[in-house]
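# A look at the structure
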Amino acid sequence: MFSIIILHHNKAEYSRACLDSLLCSSARPLEIINVDNGSQDETPQILDEWEERAAACGITTKRLTFDTNIGAIRGRNEALAVAQGDYLAFLDNDTLLAQSDWLEQLRDFLDADERRAIVAPKLLFPWEPFLIECCGCGISPQGRVQYIGRGQEREAIQKPQEVQCAISAAWLMTRRLVEAIGTLDDAYSPVQYE
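Residues numbered from 1 in each chain as written. Predicted model: local features only at pLDDT ≥ 70, side-chain atom pairs only at ≥ 80, totals over all residues. Heavy atoms only, no water.

Time to look at the pattern of salt bridges. Charged atoms that come close allow side chains of opposite charge to pair. Per the counting criterion, the structure on display carries eleven salt bridges. Note that Arg63 is salt-bridged to Glu51, the shortest N-O span being 2.9 Å. Linking Arg63 in strand E3 (residues 59-66) with Glu51 in helix H2 (residues 43-56), this pair joins segments that are twelve residues apart in sequence. Its relative accessible area of 26% is what places Arg63 among the partly exposed residues. Note that Arg107 and Asp108 form a salt bridge whose closest N and O atoms lie 3.2 Å from each other. (Salt bridge = Lys/Arg side-chain N within 4 Å of Asp/Glu carboxyl O. Helix = DSSP H or I, 4+ residues; strand = E, 2+ residues; numbered from the N terminus. Buried < 20%, exposed > 50% of the residue type's maximum accessible area, 1.4 Å probe, protein only.)

So this is what it looks like as structure tokens:
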């Protein structure tokens, strides 16, 4: 089973577009855990409507609702506590999915080598010419983040590569990783070095 954790804090239209793109995902069984971090806009109504559509597509949903924004790390950790999947994904609510089999492809990459426990897809900017936003990150000794491939043609990076870190806008990890090292470290909140 796959569990996808999505944080929401306002920006309802982004959430609607992200969730609608998830309806095309082919992976089953699939569980979506929506974390509403104190949204003050139409996000709760959008989640209500979307959960009905998801059920019609065979997608299980859960929702965690907080009165205030508890932050990305705590919100994700709260969702990890209720997630049922053997494969756990994080998505930001402004992420759109372009391939229906994205979860299966990421899972197959993880399963191809038992030393792998986390993988992130290539992220593209959502407007033409769809340049690379991020293919992982490098961190300088001073702590500065460099997004690998940023601004390059999407074909510029084709092969998987080991990176210092992956941004949690989109990644898939195994449950065994969480069981081995624990959840995200709250000491880094609100900086988000998950």
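Right, let's get into the nonpolar core. If you look at the biggest cluster of nonpolar residues, it comprises 28 residues, and the most contacted ones within it are Ile4, Ile6, Leu22, Ile32, Leu103 and Leu172. Among the elements of the structure, strand E1 (2-8), helix H1 (12-22), strand E2 (30-37), H2, strand E4 (87-92), helix H4 (102-111) and strand E10 (170-174) are those that each provide at least two residues to this core. Tallying contributions element by element places H4 first for this core, with four residues. Not counting the four nearest positions on each side in its chain, Ile32 is found in contact with Ile4, Ile6, Leu22, Trp50, Ile59, Thr60, Thr61 and Lys62. Counting residues in hydrophobic clusters, the runner-up holds 20 residues, among them Leu7, Ala83, Leu88 and Ala117. (Core = buried A, V, L, I, M, F, W, Y, C linked by side-chain atoms within 4.5 Å. Contact = heavy atoms within 4.5 Å.)

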